[in-house]
Amino acid sequence: MISTLLSRSAGPDGDTAPRLLFGADYNPEQWPRSVWEEDVRLMREAGVNVVSVGIFSWARLQPTADTWDFGWLDEVLDLLHEGGVGVDLATATASPPPWLTTAHPEVLPVTATGETLWPGARQHWRPTSPVFREYALRLVRKLAERYRDHPALVAWHVNNELGCHNVYDHSDDAARAFREWLRERYRTLDALNDAWGTAFWSQRYSAWEQILPPRLAASHPNPTQQLDFKRFSSDALKDHLRAERDLLREITPDVPVTTNFMVMGNTKGMDYADWAGEIDFVSNDHYVHPGPQDRDELSFSANLTSGIAGGRPWFLMEHSTSAVNWQPVNVAKRPGELARDSLLHVAHGADAVCFFQWRQSAAGAEKYHSAMVPHAGADSDLFRAVAELGATLKALAPVAGSEREPAAVGIVYDWDSWWASEQDSHPTALLRYRQEALDWYAALLRLGIRADLVTTRSDLQRHQVLIAPVLHVVPADLAKTLTRYTEQGGHLITTYFSGIVDEHDHVWLGGYPGALRDLLGIRVEEFAPLLDGDAVELDDATTGTLWTDRITVTADDTDVLVRYRTGEQAGRPAVTRRPSGRGTAAYVSTRLGVDGLVTLLPRLLEPAGVRSELPEGARGSVEPVVRRGPEGRFLFLVNRTDDDVPVPGLDGEILLGATDTDGTLTLGPRAVAVLRQPAS
Ligand code: GAL
């Protein structure tokens, strides 16, 4: 569907040939009319061909409950269209205006401790408020009816970053909607009582009205209640997305609808794998958190976005040209990083590279957040770098529309397991689901081995190896799928705290790792987590932290690959592998971190014959990313270092970012090279 978008967005000359999109959030309401024309002129200069408009314009579009002001937006859209810039038009429902929250304070969200989130910032609305929904849909209808035939309109942008600030609402509206959601899920109170294990601590419900969101309680709230509340909260926002989308589809059936996800860092409230099917193309926002793993994290998030999009092209809706404003210290990007970060997203399937925002605000909470046109104006290094990126993306037009070529290795990412494994009252409070997955991904990057992030909803059979770190929630069906996967020749690798509970967060009995115990041919009677700072040595010279298991091998054909050398489990298995049908199933019982996984992975990957595609000297310095399109095979190589990196032995026409001397490519510092190879 993103291809529809591409063809809807004609270039300044009416050209509808596939190309990559380039642009930003554009907030003209923050500027006088005189600036708009300069904006469009500079957009053309920079090669901008799409902008998102109206994201925070509600108060301007509807100054009071009964008055509307579209004149300014008409003019903005006309100007953009004349300038050849397509518009991803926001439904403007992200931040309700003061008149609405004054008249209807009952739309304001409430925290678990009963505090109201007052107006004054943004996104102060309850996802389940019928009053908010009514006002929001009224606005959406007005916008859709007014702009349905506007030639600048290329896509609809529902709300903005749904759940960024309001995912967990504990209000009475939320309580009512939670009960409805639970009735739908469980049908009877008995089924709910069973699923929630309410025999424990005298929690048995005798009427639906007794059920509440997990508000501040005297001790640990019921774990299944907590898990269901997370599922419900994700669904409540998804329901809002659907309501806006349905209205848009009714009025403008041909205009694709998206909303910007936040696949990044610790944003975990929204199950985007579940949401992806609701929109016409996936969009994502990503911001770098500077730190030792920021390169890995950027790649991981872009890769996961591609997995959520099913390998199809997606839209990078926001990232930053330089510093943000919301970290403790907001570091500017170094020369080359603006382009490299952008192109890394393209390497992972983005067909659009957009920023927050076009022109840096002079007032408001984000006035120190970078933009495409900084406070210094267009006569700035930053704007020159922006324009250069625009030209680069133009040169990469042949890449547009191409899909991700599946990698041999898939890493399974699962929201249920993320949510459930990090709940309270567990063997350890130190477990970090995303970090474990990121460590496996980072280790593969260091080894120069491509991997795709996939979800439990993906077609898992496409990968020869599946790594499922902390796959904590394993319903019976998933256990069967994984067993079938190995029997048919797949190689499964899983870790500590996997296979432990079913979909209700009930422990699979008989010994851990519960649902995967037979497949793995091991049994654990008791978890043995490690105290913060404690570590154990393994006999392959790696070190484990966080967790150990007291493993008993239960099948004759289970191999012990690595044993504990120190600690309580000294001499016992740490890493095991067992044949299963034509494949294998391996288990890693401790947290090895990136270094340890770099040591272990070659052994784990051996049965599948997976090796690096990069020459040895380039491994770790260069990230290999391959995509394939109808016009050939595009090979993206990302130089992760600040130095030149030679890469011998790769063929292909250089589209970007490298020089070729006698068959050796040289990638400049922080460069992204793109090669086109004939389709195989
Ligand atoms: C996003 C948001 C934008 C802007 C940006 C700043 O969360 O969608 O409106 O606030 O962050 O980094």
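Residues numbered from 1 in each chain as written. Predicted model: local features only at pLDDT ≥ 70, side-chain atom pairs only at ≥ 80, totals over all residues. Heavy atoms only, no water.

(A) Just the pattern of salt bridges, in detail. Inspection of every chain in the model, using the stated rule, returns 50 salt bridges. Among the ionic pairs, Arg141 bridges to Glu250, the shortest N-O distance being 3.5 Å. You can see Arg141 sitting in helix α6 (residues 130-147) and its partner Glu250 sitting in helix α9 (residues 223-251), a full 109 residues away along the chain. By relative accessible area, Arg141 is classed as partly exposed at 32%. Residue classification places Glu250 among the exposed positions, given a relative accessible area of 52%. Ionic pairing is found between Asp341 and Arg340, a salt bridge with its closest N-O pair at 3.6 Å. (Salt bridge = Lys/Arg side-chain N within 4 Å of Asp/Glu carboxyl O. Helix = DSSP H or I, 4+ residues; strand = E, 2+ residues; numbered from the N terminus. Buried < 20%, exposed > 50% of the residue type's maximum accessible area, 1.4 Å probe, protein only.)

(B) The arrangement of empty space enclosed by the protein in detail. Evaluation of the coordinates by the stated rule reveals seven cavities of 30 Å³ or more. Lining the largest cavity are 18 residues, and of these Asn303, His348, Ala451, Asp452 and Val625 sit closest to its centre. A total of five residues in the lining of the largest cavity trace back to one element, the largest contributor, which is strand β22 (residues 622-629). Grouping the amino acids of the lining of the largest cavity by side-chain chemistry returns nine nonpolar, three polar and six charged. Here the second largest cavity is characterised by a volume of approximately 50 Å³. If you go around the second largest cavity, the residues you meet are Pro127, Thr128, Val167, Asp169, Ala174, Phe229, Phe232, Ser233 and Ala236. (1 Å grid on protein atoms, 1.4 Å probe; cavity = no way out; pocket = protein on both sides within 12 Å on 5 of 7 lines; lining within 4 Å. Points joined across faces, edges and corners; volume = space filled by probe spheres on them. Nonpolar A, V, L, I, M, F, W, Y, C, P; charged D, E, K, R; others polar.)

(C) Up close: the UniProt feature "active site" (unreviewed entry) in the protein chain. Look at the UniProt record and you will see "active site" (unreviewed entry) annotated at Glu161 and Glu318. Across 158 residues of sequence, these annotated residues stay compact in space, with a maximum C-alpha separation of 10.2 Å. Those annotated residues lining the largest pocket are, specifically, Glu161 and Glu318. Along the chain, Glu161 turns up in the loop between β4 (153-157) and α7 (172-186). By relative accessible area, Glu161 is classed as buried at 7%. Excluding residues that lie within four positions of it along the chain, Glu161 makes contacts with Gln123, Asn260, Met262, Met264, Asp285 and Glu318. Checked against the element boundaries, Glu318 lands in strand β8 (residues 314-318). In contact with Glu318, not counting residues within four places along its chain, are Asp25, Asn160, Glu161, Asn260, Asn284, Asp285, His286, Tyr287, Cys354, Phe355 and Phe356. (UniProt positions renumbered as here; feature names shortened; annotations may be inferred. Contact = heavy atoms within 4.5 Å.)

(D) Representation of the UniProt feature "domain: Glycoside hydrolase family 42 N-terminal" (unreviewed entry) in the protein chain in the model. Per the UniProt record, "domain: Glycoside hydrolase family 42 N-terminal" (unreviewed entry) is annotated on residues 25-395. Between the C-alpha atoms that bound residues 25-395 there is a distance of 23 Å. The span itself is 41% helix and 9% strand.

(E) Structural context of the packing of helix α12 (residues 337-347) against helix α13 (residues 381-395). Following both chains from N to C, one finds α12 and α13 inclined at 30 degrees, their axes separated by 10 Å at the closest point. When the interaxial angle is binned, α12 and α13 end up roughly parallel. For the element pair α12 and α13, the recorded crossing hand is right-handed. Contacts between α12 and α13 involve Leu338, Ala339, Ser342, Leu343 and Val346 from the former and Leu382, Ala385, Val386, Leu389, Thr392 and Leu393 from the latter. (Axes fitted to C-alpha atoms, helices over the stretch in contact; angles between N-to-C directions. Parallel < 35°, antiparallel > 145°, perpendicular 65-115°, else oblique. Left-handed = near helix turned anticlockwise from the far one by under 90°.)

(F) Spotlight on the layout of surface pockets. Of the volumes computed, that of the largest pocket is approximately 1100 Å³. Breaking the lining of the largest pocket down by element, the ones donating at least two residues are α3 (58-61) and α5 (98-103). Looking at the lining of the largest pocket element by element, the count peaks at three residues for α3. Across the lining of the largest pocket, the residue classes tally to 20 nonpolar, 20 polar and eight charged.

(G) Broad picture of the site of the ligand. Within the structure, the ligand sits among Phe56, Arg122, Asn160, Glu161, Asp285, Tyr287, Glu318, Trp326, Phe356, Glu366 and His369. Take His369: an N or O atom from its side chain is 2.7 Å from an oxygen atom of the ligand. For the ligand, whose free accessible area comes to 310 Å², the fraction covered by protein is 95%. Its residues placed into classes, the shell around the ligand shows four nonpolar, two polar and five charged. (Near = heavy atom within 4 Å. Polar contact = N/O pair within 3.5 Å; in protein donor to acceptor, adjacent residues only side chain to side chain. Areas by Shrake-Rupley, 256 points an atom, 1.4 Å probe, with all protein chains shown as cover.)

(H) Representation of the sheet that holds strand β24 (residues 645-648) within the structure. Ordered in space as β24-β27-β26, the three strands form an open sheet in which the pairing is antiparallel. Looking at the sheet topology across the chains shown, the edges are occupied by β24 and β26 (658-661). Direction aside, neighbouring strands of the sheet carry axes that sit 30 degrees apart on average. (Pairing = 2+ DSSP bridges.)

(I) Representation of helix α18 (residues 593-605) in the model. Given a rise of 1.5 Å per residue, 13 residues ought to cover 18 Å, and the 17 Å separating the end C-alpha atoms of α18 matches this to within 8%. For α18, the principal kink sits at Thr599 and spans about 35 degrees; a proline, Pro602, occurs within the next four residues. Of the residues making up α18, those classed as buried are Gly593, Val594, Gly596, Leu597, Val598, Leu600, Leu601, Leu604 and Leu605. (Expected span 1.5 Å × (residues − 1). Bend = angle between axes of the 7 residues up to and from the residue.)

(J) Just the pairing of strand β27 (residues 664-667), in detail. Every second residue of β27 is oriented toward a common face, the buried set being Leu665 and Leu667 and the non-buried set Thr664 and Thr666. In the sheet, β24 pairs with β27 via four bridges, with the strands oriented antiparallel. Note on β27: the bridge partner recorded for Pro646 is Thr666. The antiparallel pairing of β26 with β27 creates a hairpin that spans two residues between the two strands, and Asp662 there sits at a positive phi of about 50 degrees.

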